[in-house]
Amino acid sequence: MKKGIISVLSALIGVVVGAGTVGKVEGEKLNKMSAMSHKHLELYKMMSQWVRVKQEGKKLSSYFERNGYTKIAVYGMSYAGETLINELENSTVTVAYGIDRNAESLYADVDIVSMDDNLEEVDAVVVTAITFFDEIEEKLSEKIDCPIISLEDILYEID
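Residues numbered from 1 in each chain as written. Predicted model: local features only at pLDDT ≥ 70, side-chain atom pairs only at ≥ 80, totals over all residues. Heavy atoms only, no water.

**Brief notes about unusual backbone geometry**
A positive phi angle, close to 60°, is found at asparagine 90, a residue other than glycine. On the secondary structure map, asparagine 90 appears in the loop between helix 3 (79-88) and strand 2 (94-99). For asparagine 90, a relative accessible area of 84% gives the class exposed. (Helix = DSSP H or I, 4+ residues; strand = E, 2+ residues; numbered from the N terminus. Buried < 20%, exposed > 50% of the residue type's maximum accessible area, 1.4 Å probe, protein only.)

Here is the structure:
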């Protein structure tokens, strides 16, 4: 009788512990998926604003020219970073280099460095990774002495 009770209790404890573990793993997956969803929504809204700017016949280079930024760096060399570099081609703004945590595995029309490298002096750094702007700005400000600007802010300030 005791063995039967112990077996049942062991099985119940196993079920509870297993369910708790599965719940924790699934909760972590859900949190990760939610964060990715938020990131992509913010990127979508920023790119939508970029399309509006283009439809109004405006150029991002006007923002840099107005602020006297002729030589910039771009942080975040994914789609938005590459699009920004392409947009600034044939303008008065030179993209000196890109900065990305995956610098060694990326290719672009500009040199790409990591934040751990020595960062060449530029007039401003534009951060395209908008959902992590505050953290990136804090780290960059320890490495380089120039304005650090969110691409999203630029897109809403173009006149």
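What follows continues from the structure just given.
**Some details on the sheet that holds strand 2**
A sheet is described by the order of its strands in space; here 5 strands give the open sequence 3-2-1-4-5, paired in parallel fashion. The sheet is open, and its two borders are formed by strand 3 (112-113) and strand 5 (148-150), each paired with just one other strand. Two strands pair when backbone bridges link them, and strand 2 and strand 3 are joined in this way by 2 bridges, in the parallel orientation. When the sheet's bridge partners are listed, isoleucine 99 is paired in strand 3 with valine 113. Contacting strand 1 (71-75), strand 2 and strand 4 (124-127), helix 3 crosses the sheet at an angle of about 160° to strand 1. In this fold helix 4 (residues 133-143) packs onto strand 1, strand 2, strand 4 and strand 5, with an angle of close to 165° to the strand it touches most, strand 5. (Pairing = 2+ DSSP bridges. Contact = heavy atoms within 4.5 Å. Axes fitted to C-alpha atoms, helices over the stretch in contact; angles between N-to-C directions.)

**Digging into the confidence of the model for the protein chain**
In the predicted model, the protein chain carries a mean pLDDT of 87, and 92% of its residues have values of at least 70. Element-level pLDDT for the protein chain is lowest in helix 1 (residues 2-55), with a mean of 78, against a maximum mean of 98 in strand 4. (pLDDT = per-residue confidence, 0-100.)

**Focus: the pattern of salt bridges**
A full pass over the atoms with the stated rule returns 4 salt bridges. When the shortest N-O distance is used, the salt bridge between lysine 58 and glutamate 56 registers 3.1 Å. Its relative accessible area of 53% is what places glutamate 56 among the exposed residues. (Salt bridge = Lys/Arg side-chain N within 4 Å of Asp/Glu carboxyl O.)

**A word on the side chain of aspartate 100**
Mapped onto the elements of the fold, aspartate 100 is located in the loop between strand 2 and strand 3. Within the structure, the side chain of aspartate 100 is placed 2.9 Å from the backbone nitrogen of asparagine 102, a separation counted as a polar contact. Apart from the residues within four sequence positions on either side, aspartate 100 is in contact with Gly76, Met77, Ser78, Leu106, Ile112, Val113 and Ser114. (Polar contact = N/O pair within 3.5 Å; in protein donor to acceptor, adjacent residues only side chain to side chain.)

**Focus: a nonpolar patch on the surface**
A surface patch of nonpolar side chains, about 380 Å² in accessible area, is lined by Ile5, Leu9, Ile13 and Val17. As for its position among the elements, valine 17 is in helix 1. (Patch = residues over 30% accessible without salt bridge, like charges linked within 9 Å, V, L, I, M, F, W, Y side chains within 5 Å. Areas by Shrake-Rupley, 256 points an atom, 1.4 Å probe, with all protein chains shown as cover.)

**Here we look at the packing of aromatic side chains**
Inspection of every chain in the model, using the stated rule, returns 2 aromatic pairs. Arranged with centres 5.5 Å apart and planes meeting at 90°, the rings of tyrosine 63 and phenylalanine 64 form a pair that is edge-to-face. The pair formed by tyrosine 63 and phenylalanine 64 is uniform in burial state, with each residue classed as buried. Geometrically, the ring pair formed by tyrosine 63 and tyrosine 69 is tilted, given 6.5 Å between the ring centres and 50° between the ring planes. (Phe/Tyr/Trp six-rings, centres within 6.5 Å; stacked < 30°, edge-to-face > 60°.)

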